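# Tertiary structure, described
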Amino acid sequence: MDAELLEIRQHMGRFPPFETLSDQLLDEVAGQVEVGYFQAGSGILQYDQELHELCYIRSGAVEVRRRTGDLYNRLGEGDIFGHFSLLRNNRVHFPARALEDTLIYFLPEAVFLRLCEADEHFADFVELERPRLETAVAHNKKANDMMITRVRKLLTRYPVMVEASATVQETARQISAAQASAALILDEPNDDPRYTFTDTEDRPWQLRGILTDSDFRTRIVAEGLSPDTPVGELAGEKLITIQSDESVHEAMLCMLRNNIHHLPVLYRRRPMGIVHLSDIIRYETHSSLYLVSNIFHQSSVEGLARLAPDVRIACVRMVEEGANSQMVGTALSTIGRSFVRRLLELAEASLGPPPVAYCFMVNGSIARNEQTIVTDQDNALILADDFDPAQHDDYFASLATFVCDGLAACGYTYCKGDVMANNPRWRQPLQVWKRYFSEWIDSPTPERLLHSSIFFDLDSAYGEEAYIEELQDLIADKAPRSPRFLAAVARNALNRTPPLGFFRTFVMEKDGKQNNTINLKRRGTAPLVDLIRVHALACGSRAQNSFERLDDIATTQLLAPGVDAKLRHAMELLSMVRIRHQVIDLDHDREPDNNIEPENVADSERHHLKDAFQVLSRAQKFLKYRYPVPAHSGRAS
């Protein structure tokens, strides 16, 4: 192969959809290419002209428009166009012109059709009419499908079920006879429809609870209960279950979040079986499971701190095994909550029981289930309304300091903005927190919301979860009815912009520390999170996770059709590039951060990043239009 053909082959082989072609197919492509040169401003394809070649941009820039004249896309080096026409009737539907001096490789239709037949990835890319970004995300997801197994596939038998009136001794005999490790407790139906079901004989039942072999040791034998004790008296107040069509991964996370080893599996409301932790281990990576188990076995802060390196190991293993950003984010957030919970248990053991009820609130990425290995701590305390500062605050100040210092020792650095429970401002009764949120929504200012926006990602890590639910209800009720508030948070969401200059180039950081890099959090995932949060607040969503918020947004008319899907793909791609580069840092014994150097990024990934940043840029431009400042509100909003 001569030098010119070799150069063509090497260039095209760097970009999708040619990057996955075999060497033989790439040689065939390079040998059939014809080259065309177009000056800036000249037409390349005219509407309705006959077309029998695929167009590949070797250098330069191309603008593609709809037949109405509206802009459809702008393309650069490595992009293709004209494939829709080849797959339809060989007539141009999207005219194209050169924005600058441009070199085009033309690939004959016969070769194009052969590639569609010979390479599945190539065919998917050009036939599904999906943008390059969506195709990249779908390709990653396809690899993750091997990890997704419905939890019902783990069930090998129906559960042992006993009536609430059955004695402890009778239940133990049934569990032993079935060689099981737990039994479900059934009772007559009451007013809670969540666990009411009809058995095969059409008799209605209420699922009341679960009794495990561990319960027999700790709650029956150790407490000296009579063998004649009805098991209904031992049913716990809170029953944790999962639906049979959920994934094994979700079952694992449910166990980790709730620190349980047995999980009843329901089909709608009918019990189908019980999954044990050992069942999950066969299907999921051991690292996060064992790490959370180790966290709850530690008896000191020093012991917990020694587990900090294991968090990074868990992240590396998940990424190497093909986990997507939602899996990584949820697992790391679950691990973070486990550190919080164990620290609070240790604090209470040292300080004594709390004088009033409380909820330990987490905010930011951990509340959204989007943590990475580069994170700080954002948290607060919600106290019962009978909290008396003079009597009680010394206790909660000590508790907060113990937890925040403990988290710092475990690798969760102190919040630079001082959003932590050891700050008295963020350690308040529920009624004060309600006043905070009401003031932020009813009397918004950009400065006030700049420092408080993190609290609009909120979740409970420990304690009275109902306090968090009350705040979430307040936000969901008030935010959609406050245009001044939405306008203010929308403008704050525009403070961080994607690193795009003239449409094909990146704008690098120039802060003296990280020159010629892009901070993927500050310039990518963070503004996307901010933008999604605005729309979620506008539609009254109670979801915290960005992807779940997009699900809620998709049910409204806040965005044009298809925009939510583009935001989802952009979020997934930017998140995974960020996570993968942190793992690369760890593999090279570097301290991980959020920065990448575009010159060290593969050509195809660099193209995908540009696509994601362009999705963000267009969505930000729409944000200001969608949430205008009300005419009567003045500059304050």
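Scroll up to find the structure this text is about.
Residues numbered from 1 in each chain as written. Predicted model: local features only at pLDDT ≥ 70, side-chain atom pairs only at ≥ 80, totals over all residues. Heavy atoms only, no water.

## A word on the overall build of the chain
In terms of regular secondary structure, the chain is built from 23 helices and 21 strands. Here the chain, with 637 residues, has 54% of them falling under the buried criterion. Contacts spanning at least 24 positions in sequence make up 71% of the contacts within the chain whose residues lie at least 6 apart. For the chain, the accessible area works out to roughly 29400 Å², and carbon and sulfur atoms hold 47% of it. Placing the 70 positive and 91 negative side-chain charges of the chain at their respective mean positions leaves the two points 5 Å apart. (Helix = DSSP H or I, 4+ residues; strand = E, 2+ residues; numbered from the N terminus. Buried < 20%, exposed > 50% of the residue type's maximum accessible area, 1.4 Å probe, protein only. Contact = heavy atoms within 4.5 Å. Areas by Shrake-Rupley, 256 points an atom, 1.4 Å probe, with all protein chains shown as cover. Lys, Arg positive; Asp, Glu negative; His and termini not counted. Charge placed at Lys NZ, Arg CZ, Asp CG, Glu CD.)

## A few points about a negative patch on the surface
A cluster of acidic residues, E320, E321, D587 and D589, forms a negative patch on the protein surface. Relative to the helices and strands, D589 resides in the loop between helix 22 (563–587) and strand 21 (595–596). What makes D589 exposed here is its relative accessible area of 74%. (Patch = residues over 30% accessible without salt bridge, like charges linked within 9 Å, V, L, I, M, F, W, Y side chains within 5 Å. Salt bridge = Lys/Arg side-chain N within 4 Å of Asp/Glu carboxyl O.)

## Details of helix 15 (residues 389–409)
The terminal C-alpha atoms of helix 15, which comprises 21 residues, lie 28 Å apart, in line with the 30 Å expected from a rise of 1.5 Å per residue. All of the buried residues along helix 15 are H392, Y395, F396, L399, A400, V403, C404, G406 and L407. Summarising the axial view, the buried residues of helix 15 lie within an arc of 160 degrees, below the 170-degree limit, and thus occupy one face. Exposed and oriented more than 90 degrees from the buried face of helix 15 are A390 and D394. Buried residues belonging to helix 15 abut helix 12 (301–305), helix 14 (325–351), strand 16 (358–363), strand 17 (379–383) and strand 18 (427–429). Between the side-chain oxygen at the start of helix 15 and the backbone nitrogen of A390 there is a gap of 3.1 Å, and the oxygen is on D388. (Expected span 1.5 Å × (residues − 1). Arc of directions from axis to C-beta. Polar contact = N/O pair within 3.5 Å; in protein donor to acceptor, adjacent residues only side chain to side chain.)

## Observations regarding the packing of aromatic side chains
Following the criterion strictly, the structure yields 25 aromatic pairs and no others. Both rings, one in F437 and one in W440, keep their centres 5.0 Å apart while their planes meet at 80 degrees; by these two values the pair is edge-to-face. Taken together, the residues span about one helical turn, with F437 and W440 both in helix 16 (residues 430–442) at a distance of 3 residues. Given a relative accessible area of 4%, W440 falls into the buried group. Note that R626 overlies the ring of Y627, its terminal NZ or CZ placed 5.3 Å from the centroid. (Phe/Tyr/Trp six-rings, centres within 6.5 Å; stacked < 30°, edge-to-face > 60°. Lys NZ or Arg CZ within 6 Å of the ring centre and 35° of its normal.)

## Looking at the sheet that holds strand 14 (residues 262–267)
The strand order across the open sheet built from 3 strands is 13-14-15, with neighbouring strands paired in mixed fashion. Edge positions in the sheet fall to strand 13 (242–243) and strand 15 (270–276), since each of these pairs with one other strand and no more. Pairing analysis gives 6 bridges linking strand 14 to strand 15, with the strands arranged antiparallel. Residue pairing across strands places L263 opposite V275, the latter belonging to strand 15. Across the sheet, helix 9 (residues 248–258) lies against strand 13, strand 14 and strand 15, angled at about 135 degrees from strand 14, the strand it touches most. (Pairing = 2+ DSSP bridges. Axes fitted to C-alpha atoms, helices over the stretch in contact; angles between N-to-C directions.)

## Examining the pairing of strand 14
For strand 14, the tally of buried residues reaches 5 of 6 residues, placing the bulk of the element in the interior. Examined bridge by bridge, strand 13 and strand 14 share 2 bridges and lie parallel to one another. Counted as the bridge partner of Q243 is L266 from strand 14. In textbook terms, the turn of a hairpin is the stretch between consecutive antiparallel strands, and for strand 14 and strand 15 this stretch comprises 2 residues, one of which, R268, has a positive phi near 60 degrees.

## Remarks on the sheet that holds strand 18
Reading across from one edge, 18-17-16-19 is the order of the 4 strands in this open sheet, with mixed pairing throughout. Only two strands of the sheet have a single partner each, and these edge strands are strand 18 and strand 19 (458–463). Taking the axes of each pair of neighbouring strands and ignoring which way they run, one obtains an average angle of 30 degrees across the sheet. Both strand 16 and strand 19 contribute to a ladder of 5 bridges, which runs antiparallel. Following the sheet pairing, M361 is matched in strand 19 by S460.

## Overview of unusual backbone geometry
Residue P17 is bonded to the preceding P16 through a cis peptide linkage, with omega at 5 degrees. Mapping P17 onto the fold places it in the loop between helix 1 (3–12) and helix 2 (23–32). The residue D202 is not glycine, and still its phi comes out positive at about 65 degrees. With respect to the helices and strands, D202 occurs in the loop between strand 11 (196–198) and strand 12 (204–212).

## Examining the packing of helix 19 (residues 483–492) against helix 20 (residues 520–538)
Put simply, helix 19 and helix 20 touch, their axes get as near as 9 Å, and they point 170 degrees apart. Relative to helix 20, the element helix 19 is oriented roughly antiparallel. Here helix 19 contributes F485, L486, V489 and A490 to the contact with helix 20, which in turn contributes V534, L537 and A538. (Parallel < 35°, antiparallel > 145°, perpendicular 65-115°, else oblique.)

Keep in mind these numbers describe shape, not what the thing actually does.
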